[in-house]
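Structural characterization, general
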Amino acid sequence: QVQLAESGGGSVQPGGSLRLSCVASGRIYIIYTMGWYRQAPGKERELVATITRNAATMYADSVKGRFTLSRDNAKNTVYLQMNSLNPEDTAIYYCNAEVQNSPGVRRRSSWGQGTQVTVSS
């Protein structure tokens, strides 16, 4: 019912920056909390950051001060600005959104297919 399209991943040197974008489309009435998760090889998926519809943010300790999450409700888009990247940030980054498709319908969690971020010298 809802598709999330991530973009902006790539390869960067330590200390570099990347900006990830996630655009939601499909059956959308209201998008509530959106967030980014990541999964490194051999590790479990972990929460990176979340943002409410009113732009209240929460960050994992590992990215505080380096990453900034923002959203544009009119465009159904969330952005993750990543600065001071280090090799530990290497992972596939997944976008997540809690979406209500229509009035009176339960919220559903939607996931993107992921975008690769590689940080190496």
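Coordinates for the structure precede this section.
Let me begin by describing the structure that accompanies this report.

1. A short note on the pairing of strand β4 (residues 30–39)
Sheet analysis places β4 next to strand β9 (residues 91–100), joined by eight bridges and oriented antiparallel. Paired with I31 across the bridge in β9 is V99. In the sheet, β4 pairs with strand β5 (residues 46–51) via five bridges, with the strands oriented antiparallel. In the sheet register, R38 faces β5, and the bridge partner there is E46.

2. Here we look at the sheet that holds strand β1 (residues 2–7)
Reading across the sheet, the four strands line up as β1-β3-β8-β7 and stay open at both edges, with antiparallel pairing between neighbours. Unpaired on one side and paired on the other, β1 and β7 (67–72) mark the two borders of the sheet. Between one strand axis and the next, the sheet turns by 15 degrees as a mean value, whatever way the strands run. Pairing geometry for strand β3 (residues 18–26) and strand β8 (residues 77–82), over six bridges, is antiparallel. Bridge assignment links R19 to a residue of β8, and that residue is Q81.

Cut-offs and rules
- Residues numbered from 1 in each chain as written.
- Predicted model: local features only at pLDDT ≥ 70, side-chain atom pairs only at ≥ 80, totals over all residues.
- Heavy atoms only, no water.
- Pairing = 2+ DSSP bridges.
- Helix = DSSP H or I, 4+ residues; strand = E, 2+ residues; numbered from the N terminus.
- Axes fitted to C-alpha atoms, helices over the stretch in contact; angles between N-to-C directions.

Treat this as a map of the structure, not an account of what it does.
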